[in-house]
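Below are the chains, spelled out letter by letter.
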Amino acid sequence: MPETSAAPSLQSDQRARAIYDLGHSTIYASRSDPRFSYCTYVPHHIGNVSARPLQLVVVMHGTGRAFTEYRDAFAEFAKWNDCIVLCPLFPAGPLGDGNRDGFKQLREGAIHYDEVLLDMVDEVAEKFGCDFSKFALFGYSGGGQFVNRFGYLHPERLWALSIGAPGSVTLLDVNQDWWVGVRNFETRFGKPLNLDVLKTLPVHMIVGKADIETWEITHKEGGKFFMPGANDAGRTRPERLDTLRKSFEAAGVAVTLDVVDNVPHNGLACVDKVQDFFAATLRTIRSTAC
């Protein structure tokens, strides 16, 4: 009797895994902090002994929290490039104050968003039996701000970084304080900025050429993120991203920049270029590993 009762249970578990974990997953609460959630795309051929080891791509949403849309946009890429896609959800106002922007600065009160993300990465790695000690990271708009700063804090965890159209940029500038620059980085985060590792990281930046509205990105004196130099990187997103690129290159970090014709502020219109960059980086990594 135990054998016959166990078989239907195993079948049910396998069916539930196929429905809720493989392909376009359901939404899971983070094990480390259930205020935050994530969804994934996992290719159905996971576990195939002839397949290449899967790599991880993390896509960070912007202020609009379109995390499932980004997951869906990367699904075909993941299927054909042997990747899992992880899309976190950092909802607005986790401290009850309605703040939409806290995650962009990595810290909000006692919340360390970088650590929340890293635990999500570990959770997904354990769930699917993968080694995700390094992963690719893309974010657009508010997500672009997050990945700009995450790349400084944890470059050793990344195999590629793509920064998309951030409204505000943190320059690789040791003459200005955080968040405009990185002069007090170690005091703020308790670890030095590892420029040597950052110099080895494939970095991509992308913005639409028509992304020129400024109403949401101009810092006004008295605003919650205003500080000296807040608007000095440029007036528009393309200007600010180019200033960020120049700060990287001045510090010895190579950057691939895509300015996409006829595209306003639309992250989904930019994902093809991001995927091309990640695919090229993956080819290099995998050919080197052979």
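Novice: Can you walk me through the overall build of the protein chain in this structure?
Specialist: A count of helices and strands for the protein chain gives 9 helices and 11 strands. Against the globule reference of 19 Å for 290 residues, the protein chain gives a C-alpha radius of gyration of 20 Å, in line with a compact fold. Seen through its C-alpha atoms, the protein chain measures out along the principal axes to roughly 75 × 45 × 40 Å. Every one of the 290 residues in the protein chain was classed for burial, and the buried ones make up 53%. Total accessible area on the protein chain is roughly 13,400 Å²; 52% of this is exposed by carbon and sulfur atoms. Taking the average location of the 30 positive side-chain charges in the protein chain and that of its 35 negative ones, the two points are 2 Å from each other.

Novice: What is the right way to read the pattern of salt bridges from this model?
Specialist: Oppositely charged side chains are able to pair whenever their charged atoms sit close together. Across all of its chains, the model carries 17 salt bridges by this definition. Among the salt bridges present, the one from Asp211 reaches Arg237, with a minimum N-O distance of 3.6 Å. Pair noted here: Asp211 is in the loop between strand E10 (203-208) and helix H8 (237-250) and Arg237 is in helix H8, with a separation of 26 residues, a long-range link. For Asp211, a relative accessible area of 2% corresponds to the buried category. Of the residues examined, Arg237 reaches a relative accessible area of 4% and is grouped as buried.

Novice: What is the right way to look at the pairing of strand E5 (residues 83-89) in this model?
Specialist: On any regular strand, side chains alternate: one points to one face of the sheet, the next to the other face. When you tally the buried positions in E5, you get 7 out of 7 residues, the bulk of the element. Along E5, one buried face is formed by Cys83, Val85, Cys87 and Leu89 and the opposite face, lined by Ile84, Leu86 and Pro88, is buried too. As defined by bridge partners, strand E3 (residues 37-42) adjoins E5 across 5 bridges and the pair is classed as antiparallel. Bridge pairing in E5 links Thr40 to Leu86. Relative to E5, strand E4 (residues 55-60) runs parallel, the two sharing 4 bridges. Residue pairing for E5: Leu56 is matched across the bridge by Ile84.

Novice: Would you take a moment to explain the packing of aromatic side chains for this structure?
Specialist: Each aromatic ring pair is characterised by the separation of its centres together with the angle its planes make. Evaluated as defined, the whole model comprises 18 aromatic pairs. With 6.2 Å between their ring centres and 55 degrees between their planes, Phe135 and Phe150 make a pair best called tilted. Note that Phe135 is positioned in strand E8 (residues 135-140) and Phe150 in helix H5 (residues 142-153), a separation of 15 residues in sequence. For the pair shown, Phe135 and Phe150 are each scored as buried. Where Phe185 meets Phe189, the ring centres are 5.0 Å apart and the plane angle is 45 degrees; that geometry is what we call tilted. Of this pair, Phe185 and Phe189 both sit in helix H6 (residues 185-189), 4 residues apart, roughly one helical turn.

Conventions used here
- Residues numbered from 1 in each chain as written.
- Predicted model: local features only at pLDDT ≥ 70, side-chain atom pairs only at ≥ 80, totals over all residues.
- Heavy atoms only, no water.
- Helix = DSSP H or I, 4+ residues; strand = E, 2+ residues; numbered from the N terminus.
- Rg over C-alpha atoms; globule rule 2.2 N^0.38 Å.
- Buried < 20%, exposed > 50% of the residue type's maximum accessible area, 1.4 Å probe, protein only.
- Areas by Shrake-Rupley, 256 points an atom, 1.4 Å probe, with all protein chains shown as cover.
- Lys, Arg positive; Asp, Glu negative; His and termini not counted.
- Charge placed at Lys NZ, Arg CZ, Asp CG, Glu CD.
- Salt bridge = Lys/Arg side-chain N within 4 Å of Asp/Glu carboxyl O.
- Pairing = 2+ DSSP bridges.
- Phe/Tyr/Trp six-rings, centres within 6.5 Å; stacked < 30°, edge-to-face > 60°.

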